[in-house]
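Structure at a glance
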Amino acid sequence: MARKLRFFKEQMEKAGVTPSTKPMTQTEIDVDDLEVKLGEFEAELVEMNTNDEKLQRSYNELVEYKLVLNKAGGFFSSAFSSATAQQKEIESQQTGEESLDTPLLQDREISIESSKQVKLGFITGLVSKEKSMLFERIIFRATRGNVYTRQAAVEEPVIDPVSGEKVEKNVFVVFYSGEKAKTKILRICEAFGANRYSFTEDFGKQVQMISEVSGRLAELRTAIDAGLLQKSKLLQTIGDQFVQWNTLARKEKSIYHTMNMLSLDVTKKCLVAEGWSPVFATNLIQDALQKAAFDSNSQVGAIFQVLHTSESPPTYFHTNKFTSAFQDIVDAYGVAKYQEANPGVYTIVTFPFLFAVMFGDWGHGICLLLAALVFIIREKKLSGQKLGDITEMTFGGRYVILMMALFSIYTGIIYNEFFSVPFELFAPSAYACRDLSCRDATTVGLIKARPTYPFGVDPVWHGSRSELPFLNSLKMKMSILIGVTQMNLGIILSYFNAAYFRNSLNVWFQFIPQIIFLNSLFGYLSLLIILKWCTGSQADLYHVMIYMFLSPTDELGENQLFPQQKTVQLVLLLLALVSVPWMLLPKPFLLKMQHQARQGESYMPLQSTEESLQLEANHDSHGHEEFEFSEVFVHQMIHTIEFVLGAVSNTASYLRLWALSLAHSELSSVFYEKVLLLAWGYNNIIILAVGAILFIFVTVGVLLVMETLSAFLHALRLHWVEFQNKFYEGDGYKFYPFSFASVNDEVE
């Protein structure tokens, strides 16, 4: 049935008939009835094609025959007229009308030639124009020059009766003498695919044949048109129900494909299927099986039984159209192990937020929001259409873009940037000019005249000399705070993984030393940043952190932010140093002891299904038959070194939030000042229009497309590398249930 439907589709494409996409209202067709119907349609269509091919071949042959009659008739008529003229000249010369130029022996030569005249045979037909010169040359060589060939080009390409393709051809006439020459010429014609046609020298018969061929062509044309009309009607009938038939055939084919995976039981009367299903769907499956048994009038009902297995189940997250795109971001890195903590839940908030930190401009955020709303409003229409690769990708992530846009508007209001222009949105600026000398956009002459700006950055900072130092310090410290918070979240999630899988080793010798190491260094730095903001201290945090390692016992002096700071730093440094061997040494030795204890037990109580599954899914159980202590130790050493170095590099990696935010802000400022304001300054309507158009293009092309993609990729990297590597293994496999919807989406 699928083959027949493919055949129908090919025939419809050739005829230019498009299958109807209108929903069918009629009742469902039985598969057996459909098979009979498709067979009838196929037989009818094949018969039509055969008849059409025969008629078309006859028509093409007659077209070529008519060309031969016209062109070859021209050869013979011109030859006859020249022969008649020559005969008249000979007769006039024989009557004695000789001139001084007449050769003395001409009469004798003519009489000798006339006495040796022989009857020449000829072959007419058409040969491809590309092969015509080679054709003539080979005939000449094969007959040693004892032929005379004439060719005439056909003005328009003709359809070859054999191949059915349009070919440029020449009409040829080959005159020969003798049967051997004829045999050679016929063989050469066959080798070159030259079509030969009979021809007569009689002009009267030629005219009669041309009229007969023309009449026959008209009859064939009428028959071909009638056949095509009938075929078109048949294909239109097929096209009206093609989509429904194709869907039914695909579904039936997928059912048989799935049933082929089933195995026969020992009685060879029942089919046995093993598979995975979500726990919440158990009752639904049982109801569906009972309904199927009732609908099919089966004497034996289907038996549904839960199997106990040690195999790790597939991972299935119940998502909707909003959360599926965020889950896909996580799954692109790796599918979660069964019952492992899913980062997709946190990604819904953290991903658009980190993007917005780098893309903070509420004007650009509104543009992104409008683009996302266009996709969301038209999602029903667009979901049923075939889109391009980039458009389809953007449409699939429409809710991700919506969240990114909303968060960008939020961070843009905090940064107080609208296409790089600040606005006094919530209150007037807290600062005012002391006198007229501060008009050069510097903070030197400013005094605090009003209460602090209530939300976000005070608009007076933008355009001042202190803008970059102030915003750089703010965004850099903010990036470190965000980074340390997210990395702590990752380590806390590793605790929940270990607690769920009852892996106490990972809690005591991975989670605790990691949380201590990270927070004794970078958690302490975050605390210092918050203290500096709250107290307004002038302490140099670079100096504090560097000399915390180089000379921890030195006095801090003006860099001291709170009492007993030196003692606290010594304790934190000691904790960080202790946590490294704490991560490295105990776990491999304890795993070795556990393995030896298991080897010593000859008998063990049988475990329940849940316990066996948990042990199977245990992240660092190492409960294999062969236990290599060296491998476990090296693995733990690599893990420890990676975390210690990663704590520094990952924290530094979050500084990309500051760098990209600064780049976005500066690009916006350059485009606004050097394109739009510069064009405005010329006070010319044409220059202003050109400047506005250029500003729109660079804003859309660079800031809304390239910068969006850049910030998206950097946010992706921060989640995959800096966040997920703290707790996420991602070595599971996805649950793919049987679904007719997925069958329809597949391409055969």
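**Regarding the overall build of the protein**
Across its full length, the protein carries 23 helices and ten strands. A sequence separation of at least 24 residues applies to 78% of the contacts in the protein between residues at least 6 apart. For the protein, the accessible area works out to roughly 45,100 Å², and carbon and sulfur atoms hold 60% of it.

**Quick look at the packing of aromatic side chains**
To describe a pair of aromatic rings, one takes the distance between the centres and the angle between the planes. Tallied over the entire structure, the rule returns 35 aromatic pairs. Here Tyr333 and Trp720 contribute two aromatic rings whose centre-to-centre distance is 5.9 Å and whose plane-to-plane angle is 40°, an arrangement assigned as tilted. Here Tyr333 is found in helix H8 (residues 324–333), whereas its partner Trp720 is found in helix H22 (residues 685–723), with 387 residues between them in sequence. The interplanar angle of 85° and the centroid separation of 5.4 Å between the aromatic rings of Tyr500 and Phe501 together place this pair among those described as edge-to-face. Feature note: the residues Tyr333, Trp720, Phe723, Phe727 and Tyr728 constitute an aromatic cluster, connected by ring pairs. Between Arg398 and the ring centre of Phe395, over which it is positioned, the NZ or CZ distance is 4.2 Å.

**Description of the environment of Lys587**
Inspection of the secondary structure puts Lys587 in helix H18 (residues 586–600). Here the alpha-carbon distance between Lys587 and Trp508, two residues 79 residues apart in the chain, equals 9.0 Å. Of note is the side chain of Lys587, whose polar atom sits 2.7 Å from the side chain of Asn506.

**A few points about the pattern of salt bridges**
Within this structure, the stated rule accounts for 14 salt bridges. In this structure, the salt-bridge partner of Lys169 is Glu64, at a minimum N-O distance of 2.8 Å. Within this pair, whereas Lys169 is found in strand E5 (residues 169–176), its partner Glu64 is found in helix H2 (residues 31–94), the two being separated by 105 residues in sequence. The burial state of Lys169 is the same as that of Glu64; both residues are buried. Through salt bridges with shared partners, one network takes in Glu64, Asp160 and Lys169.

**Describing the confidence of the model for the protein**
On average, the protein scores 86 in pLDDT, and the residues at 70 or more come to 90%. Per-residue pLDDT stays below 50 along residues 104–112; that stretch engages in four contacts with residues further than four places along the chain or on separate chains. Below a pLDDT of 50 lies the segment residues 608–624, which in the model reaches 39 contacts outside its immediate sequence neighbourhood of four places, other chains included.

**Looking at unusual backbone geometry**
In this structure, Arg144 is a non-glycine residue whose phi angle is positive, near 60°. Despite not being glycine, Gln339 shows a phi value in the positive range, around 65°. Note on Gln339: relative accessible area 37%, which makes it partly exposed.

**What about the nonpolar core?**
Among the nonpolar cores identified, the biggest contains 72 residues, and Tyr524, Leu528 and Leu657 are the most heavily contacted of them. Tallying contributions element by element places helix H15 (residues 504–535) first for this core, with eleven residues. When neighbours within four sequence positions are excluded, Leu657 is seen to be in contact with Leu354, Val357, Met358, Ser479, Ile482 and Leu718. Membership of the second largest hydrophobic core comes to 24 residues, among which are Phe75, Phe76, Leu126 and Phe175.

**Some details on the side chain of Lys231**
Considering the arrangement of structural elements, one finds Lys231 in helix H6 (residues 203–259). Buried and unpaired, Lys231 has Asp52 as its nearest opposite-charge partner, separated by 4.9 Å. At a separation of 3.4 Å, a polar atom in the side chain of Lys231 contacts the side chain of Gln11.

**A closer look at a negative patch on the surface**
Residues Asp30, Asp32, Asp33 and Glu35 make up a contiguous surface patch of negative charge. Considering the arrangement of structural elements, one finds Asp33 in helix H2.

**Section: H15**
Largest kink in H15: about 45°, centred on Asn519. Positioned one or two residues after H15, Gly536 has a phi angle of 70°, which is positive.

**Topic: the sheet that holds E5**
Across the sheet, four strands lie side by side as E2-E5-E1-E6; this open sheet has antiparallel pairing. In the strand order of this sheet, the two ends are held by strand E2 (147–153) and strand E6 (195–197), each with one partner. Taken pair by pair, the neighbouring strands of this sheet meet at an average axis angle of 25°, ignoring direction. One ladder, built from three bridges, connects strand E1 (residues 121–128) with E6; its direction is antiparallel.

**Description of the pairing of E1**
Counted residue by residue, E1 has seven buried out of eight residues, so it is predominantly covered. Bridge count for E1 against E5 is eight bridges, and the pairing is antiparallel. Bridge assignment links Phe122 to a residue of E5, and that residue is Phe175.

Criteria and thresholds
- Residues numbered from 1 in each chain as written.
- Predicted model: local features only at pLDDT ≥ 70, side-chain atom pairs only at ≥ 80, totals over all residues.
- Heavy atoms only, no water.
- Helix = DSSP H or I, 4+ residues; strand = E, 2+ residues; numbered from the N terminus.
- Contact = heavy atoms within 4.5 Å.
- Areas by Shrake-Rupley, 256 points an atom, 1.4 Å probe, with all protein chains shown as cover.
- Phe/Tyr/Trp six-rings, centres within 6.5 Å; stacked < 30°, edge-to-face > 60°.
- Lys NZ or Arg CZ within 6 Å of the ring centre and 35° of its normal.
- Polar contact = N/O pair within 3.5 Å; in protein donor to acceptor, adjacent residues only side chain to side chain.
- Salt bridge = Lys/Arg side-chain N within 4 Å of Asp/Glu carboxyl O.
- Buried < 20%, exposed > 50% of the residue type's maximum accessible area, 1.4 Å probe, protein only.
- pLDDT = per-residue confidence, 0-100.
- Core = buried A, V, L, I, M, F, W, Y, C linked by side-chain atoms within 4.5 Å.
- Lys, Arg positive; Asp, Glu negative; His and termini not counted.
- Patch = residues over 30% accessible without salt bridge, like charges linked within 9 Å, V, L, I, M, F, W, Y side chains within 5 Å.
- Charge placed at Lys NZ, Arg CZ, Asp CG, Glu CD.
- Bend = angle between axes of the 7 residues up to and from the residue.
- Pairing = 2+ DSSP bridges.
- Axes fitted to C-alpha atoms, helices over the stretch in contact; angles between N-to-C directions.

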